[in-house]
Amino acid sequence: MGQILKFPTKRIEPLTIRSGPKHRVSVEVLDQVRPRRTRWAVQFEIQDVAGFGALDGFTDAAVAAGYRHRFRVTSTKSSRQFIAETADLVAAGKLAIWIDGVRVRSRIERRA
């Protein structure tokens, strides 16, 4: 059984994820111009939903090497909050996010 996450803005497509308390989140910084600035912005959101321990290995060098950072979120509400806070970066194509193996897509990207 899945749960559909809907977002208040029209920038992100509704997302179907599995029901349950624990979710795996993967983040990849795609920004080629300012990857350090994008990582810095995402770092605060990761810290907010998953704590300081989730930031292990998420460094500027790792982002420059194309590293996909993975961490766990303890609730569906936290994963929804993380996507809502990073929706602008996803819509701009600077960030790619996967939750339980399902990629978060922007409405703008799907129309193109």
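All values reported here derive from a predicted model rather than from experimental measurement.

Student: I keep staring at the sheet that holds strand E6 (residues 102-103) and nothing clicks. Help me out?
Tutor: What holds strands together in a sheet is hydrogen bonding between their backbones, with the strands either parallel or antiparallel. Read across the sheet, four strands follow the order E4-E3-E5-E6 without closing on themselves; strand pairing throughout is antiparallel. Every other strand in the sheet has two partners, leaving strand E4 (69-73) and E6 as the edge strands with one partner each. Two strands pair when backbone bridges link them, and strand E3 (residues 23-29) and strand E5 (residues 95-99) are joined in this way by five bridges, in the antiparallel orientation. Counterpart to serine 26 in the pairing with E5 is tryptophan 98. Contacts from helix H1 (residues 35-50) reach E3, E4 and E5 within the one sheet, and its direction differs from that of E4 by about 20°. Sheet strands in contact with helix H3 (residues 76-85) are E3, E4 and E5, and its direction is about 15° off that of E3.

Student: I'm lost on the nonpolar core in this one. Help?
Tutor: It is characteristic of soluble globular proteins that their nonpolar side chains tend to be buried jointly. The biggest cluster of nonpolar side chains holds 24 residues, and the ones touching the most others in it are Val25, Val42, Ile46, Phe71, Phe82 and Ile97. At the level of elements, strand E2 (15-18), E3, H1, E4, H3, helix H4 (87-91) and E5 are the ones that each hand at least two residues to this core. Residue contacts for valine 42: discarding those within four places in its chain leaves Val27, Phe58, Phe82, Leu89 and Leu95.

Student: I would appreciate a short explanation of the packing of aromatic side chains in the present structure.
Tutor: To describe a pair of aromatic rings, you give the distance between the ring centres and the angle between the ring planes. Tallying each qualifying case throughout the model produces two aromatic pairs. Aromatic side chains tryptophan 40 and phenylalanine 44 sit 5.1 Å apart centroid to centroid with 90° between the ring planes, which places their arrangement in the edge-to-face category. Residue tryptophan 40 and its partner phenylalanine 44 are both found in helix H1; the two are separated by four residues, about one turn of the helix. Given a relative accessible area of 39%, phenylalanine 44 falls into the partly exposed group. Considering the side-chain rings of phenylalanine 71 and phenylalanine 82, the 5.7 Å spacing of their centres and the 85° angle between planes classify their relative orientation as edge-to-face. In this pair, phenylalanine 71 sits in strand E4 while phenylalanine 82 sits in helix H3, placing the two residues eleven residues apart along the sequence.

Student: So what exactly am I meant to see when it comes to H3 here?
Tutor: Side chains that are three or four residues apart share a direction in an α-helix, a result of its 3.6 residues per turn. Taken residue by residue, H3 has Thr76, Ser78, Ser79, Phe82 and Ile83 as its buried positions. In an axial view of H3, the angular spread of the buried residues amounts to 160°, which keeps them on one side of the axis.

Conventions adopted
- Residues numbered from 1 in each chain as written.
- Predicted model: local features only at pLDDT ≥ 70, side-chain atom pairs only at ≥ 80, totals over all residues.
- Heavy atoms only, no water.
- Pairing = 2+ DSSP bridges.
- Helix = DSSP H or I, 4+ residues; strand = E, 2+ residues; numbered from the N terminus.
- Contact = heavy atoms within 4.5 Å.
- Axes fitted to C-alpha atoms, helices over the stretch in contact; angles between N-to-C directions.
- Core = buried A, V, L, I, M, F, W, Y, C linked by side-chain atoms within 4.5 Å.
- Buried < 20%, exposed > 50% of the residue type's maximum accessible area, 1.4 Å probe, protein only.
- Phe/Tyr/Trp six-rings, centres within 6.5 Å; stacked < 30°, edge-to-face > 60°.
- Arc of directions from axis to C-beta.

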